[in-house]
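Structure assessment
Take a look at the letters that make up each chain.
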Amino acid sequence: EVEERDLPVSLSKMRAASAPVLGTDLPPLLVDVAEQMAEDTLSPLSMAIGLLFPPGLQGRLESAWARTDQKPSEKLTAVQEEVLRAIDDLDGQLVATKSKPIAAAALRALRQLRQKGLVQEALTVRPKQERETLPDGLRLTNDEQMVERFLLNEGRKKPAQALTLIRLQGSEGIRLSPQEIKALSGVTDQTLKALLKSGLLEAATVDAHAPYHAPTLSPQQNIAVDAISGSIANNQAEQFLLFGVTGSGKTEVYLRAAAEALKQGKQVLYLVPEIALTAQVIGQLRGRFGSNVEVIHSNIGQAERLEAWMRVAQGKSPIVMGARSALFAPLENVGLIILDEEHEQSYKQESSPRYHSKRVAKLLAKRHGATLVLGSATPSLESYWESETGVLRRLEMPVRAAAAQLPTVHIVDLAEQYKSKEARPSMFSAPLHERLAKVLERQEQAILFLNRRAYSPFLSCRECGHIFKCHQCAVSLSYHKKDFALVCHYCGDRIGAPEFCPSCDGDRLSATGAGSEKVEESLRNEFPTARVARLDRDVVRKKGVLEETFAL
């Protein structure tokens, strides 16, 4: 007998375990992975195990009482007899719901019968209550000209609708649930109702895509497909780095490998870094495999995620696609795991438990004996090194598929340009300025990339050389001209931009270097008739800005 002092908690604070929840058994291999992840991340096991269950499960639980095979060994009371007859009349299960709770007398009798071993209690998941708001399935209209006319004529006035259409382009004819579309686009039911009313979205019961015609593979694609499919068919459980340039056809390789896994009676886990960028991939997967594809993502509503989780647990969806949270789908016989764009930082979970999807995917592949494919046009340093040392088998696809050409890249030495006496002061090189002007003449669009936000990376004093730094991080504060503030991009600390130097009291303060805010200002000055929009973390924090920018 255990003494109370030997226990980590007081007996008075311990509660009996609840009844088992029917239909929510976790695959043992997945529990093993959670235990290893808790150990690797120094996290409580309960926190790691919590990732395996969908949110909203507890709120949908109901008590269910069923008869056992045991026969009564003594005479039962009238109430107990009546309760057993009620269970028999209800197909062997008496369920207590919020709207129809079990009466106190009957509940007392059930507990007495449980002590006698005649009934047992379990918990069941309450079915989802259907609401007559939107159809269960929606699809983008196949009328591409109708979509283009809307984007051209009404997009700026209806930015949320425009963004939804942009995100869905490439998935024409593919059935998506309203929750999936809202997760892809970040919009509400009202936006979907408006698109449905205008005919840009259509109600869908089944996918209406054209018959699938397998594209002709390039030699590099053939080599990759043969290698990955061979690993799956022969249960070799290899790990691959699919190193292919943009447009080389990596997705087609994934789809062929997934088809091989299904042929072998195995399941597929397809991970992407951001669900908002995957409408085309969902379209390709469902176009190829139909309703076998389940999308799991944290942006989908709790009720829908629970329903998706249950379908996967019941074996109805052998292909699961999603971002980080899809790693913990209750799959029991995985044959192929795909990490597309494996270099992306969004695969890292920043809150506890701080796991990396790549590490968890490797654990899952090892436990299941599954083939793992990491795909990227710009592999992470560690993955490339692993392919050099033989941990990963590297498959290279350096040529674009279907004879598509890579863009021409021009590298301009600004130092040489500034030596020229004819060079005018501008943050844009002469070739770039000339090409921007020609694009605007043709009424086309241009995108400029700069991996630095704010107006300038630091503010300095021209008289004494003082540079304003964060007192917490010891890094330079970035100057945000529009907000007239200095901001630390590490910890977020913010101060008002000073007018005088704190070291020498001088007033010759200079914003040195260029950020995206300065690029925007320069574009407006040099091309005053052009529509200019800036997209960075500072801008998209404001609600609706992203939609308005996409609709320009």
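Please refer to the structure placed before this passage.
Below is a summary of the structure that appears in this document. Nothing here was measured: the structure is a model prediction, and the numbers come from that model.

The rules we used
- Residues numbered from 1 in each chain as written.
- Predicted model: local features only at pLDDT ≥ 70, side-chain atom pairs only at ≥ 80, totals over all residues.
- Heavy atoms only, no water.
- Helix = DSSP H or I, 4+ residues; strand = E, 2+ residues; numbered from the N terminus.
- Polar contact = N/O pair within 3.5 Å; in protein donor to acceptor, adjacent residues only side chain to side chain.
- Contact = heavy atoms within 4.5 Å.
- Salt bridge = Lys/Arg side-chain N within 4 Å of Asp/Glu carboxyl O.
- Buried < 20%, exposed > 50% of the residue type's maximum accessible area, 1.4 Å probe, protein only.
- Core = buried A, V, L, I, M, F, W, Y, C linked by side-chain atoms within 4.5 Å.
- Pairing = 2+ DSSP bridges.
- Axes fitted to C-alpha atoms, helices over the stretch in contact; angles between N-to-C directions.
- Expected span 1.5 Å × (residues − 1).
- Parallel < 35°, antiparallel > 145°, perpendicular 65-115°, else oblique.
- Nonpolar A, V, L, I, M, F, W, Y, C, P; charged D, E, K, R; others polar.
- Disulfide = S-S within 2.5 Å.
- Phe/Tyr/Trp six-rings, centres within 6.5 Å; stacked < 30°, edge-to-face > 60°.

**Looking at the side chain of S460**
Summarising the element assignment, S460 is placed in strand β13 (residues 458–461). In this structure the side chain of S460 is engaged in a polar contact, spanning 3.5 Å, whose partner is the side chain of T512. For S460, the contacting residues outside a window of four places in its chain are H466, I467, R508, L509, S510 and T512.

**Section: the pattern of salt bridges**
Here the structure, examined in full by the defined rule, presents 25 salt bridges. Two residues, R139 and E202, come together in a salt bridge whose shortest N-O distance is 3.4 Å. Taken together, the positions of R139 in strand β4 (residues 138–140) and E202 in strand β5 (residues 201–203) put the pair 63 residues apart, joining distant regions of the chain. Here E202 falls in the partly exposed class, since its relative accessible area comes to 28%. Residues joined in a network through salt bridges with shared partners are E520, R524, R534 and D536.

**Details of the nonpolar core**
With 51 residues, the main nonpolar core has L165, I228, L242, Y270, L285 and L336 as its most contacted residues. The element best represented in this core is helix α10 (residues 250–263), accounting for six residues. When sequence neighbours within four positions are dropped, the list of residues in contact with I228 reads F240, V253, A257, L336, T371, V373 and L395. Core analysis: the second largest hydrophobic core is formed by 41 residues, V21, M37, L269 and I337 among them.

**Some points on the sheet that holds strand β8 (residues 293–296)**
On the basis of which strands lie adjacent, the open sheet formed by seven strands has the order β8-β9-β7-β10-β11-β6-β12 and parallel pairing. Each edge of the open sheet is held by one strand with a lone partner, namely β8 and β12 (393–397). Each adjacent strand pair in this sheet contributes to an overall mean axis angle of 20°, direction not counted. By the bridge criterion, five bridges tie strand β6 (residues 239–244) to strand β11 (residues 371–376) in an arrangement that is parallel. For F243, the partnering residue across the bridge sits in β11 and is S376.

**Some thoughts on unusual backbone geometry**
Cis rather than trans, the peptide bond between S352 and P353 has omega equal to 0°. Following the sequence through the fold, P353 ends up in the loop between β10 (334–340) and α13 (357–368). The phi torsion at A474 lies on the positive side, around 60°, for a residue other than glycine. Among the secondary structure elements, A474 is positioned in the loop between β13 and β14 (478–480). Positive phi is not limited to glycine here, since D505 has a value of about 65°. Looking at the secondary structure, you find D505 in the loop between β16 (494–496) and β17 (509–512). The class for D505 is exposed, based on a relative accessible area of 58%.

**With respect to α13**
Three or four residues apart is the spacing at which side chains of an α-helix point the same way, because the helix has 3.6 residues per turn. Helix length check: α13 (twelve residues) gives 16 Å between terminal C-alpha atoms against 16 Å at 1.5 Å per residue, within 8%. In terms of burial, α13 is a largely internal element, nine of the twelve residues being buried. Along α13, the positions that sit buried rather than exposed are S357, K358, V360, A361, K362, L363, L364, A365 and H368. On its buried face, α13 is in contact with α1 (28–41), β6, β7 (267–271), β10, β11 and α14 (381–389). Residue G369 follows α13 closely and has a positive phi angle near 70°.

**A closer look at the packing of helix α6 (residues 159–168) against helix α8 (residues 189–198)**
The packing of two helices is summarised by the inter-axis angle and the distance between the axes. Where α6 contacts α8, the two axes come as close as 10 Å, and the packing angle between them is 75°. As far as their axial angle goes, α8 and α6 are roughly perpendicular. Note on element contacts: α8 touches α6 through T191, L192, A194 and L195, opposite A160, Q161, T164 and L165. Split into classes, the residues belonging to the contact of α6 with α8 amount to five nonpolar, three polar and no charged.

**Looking at the state of the cysteines**
Using the criterion set out here, one finds zero disulfides in the structure. You can see C501 has no disulfide; the closest cysteine sulfur is in C464, sitting 3.6 Å from it. Using a relative accessible area of 3% as the deciding quantity, one classes C501 as buried.

**Quick word on the sheet that holds strand β2 (residues 93–96)**
One open sheet accounts for three strands, arranged β2-β1-β3; its pairing is antiparallel. Single-partner strands in this sheet number two, and they are β2 and β3 (119–125). Neighbour-to-neighbour, the strand axes of the sheet open up by a mean angle of 30°, direction not taken into account. Pairing of strand β1 (residues 61–67) with β2 involves four bridges; the strand directions are antiparallel. Looking across to β2, one finds that A64 is bridged to V95. Against the sheet, helix α3 (residues 78–89) engages β1, β2 and β3, with an angle of about 105° to β1.

**Remarks on the packing of aromatic side chains**
Per the counting criterion, the structure on display carries five aromatic pairs. Pairing F328 with Y355 gives two aromatic rings, centres 5.4 Å apart and planes at 85°, and the pair type is edge-to-face. A residue pair is termed long-range when its members are at least 10 positions apart, and F328 in the loop between β9 (319–322) and β10 and Y355 in the loop between β10 and α13 qualify at 27 residues. Like F328, the residue Y355 is buried in the burial classification.

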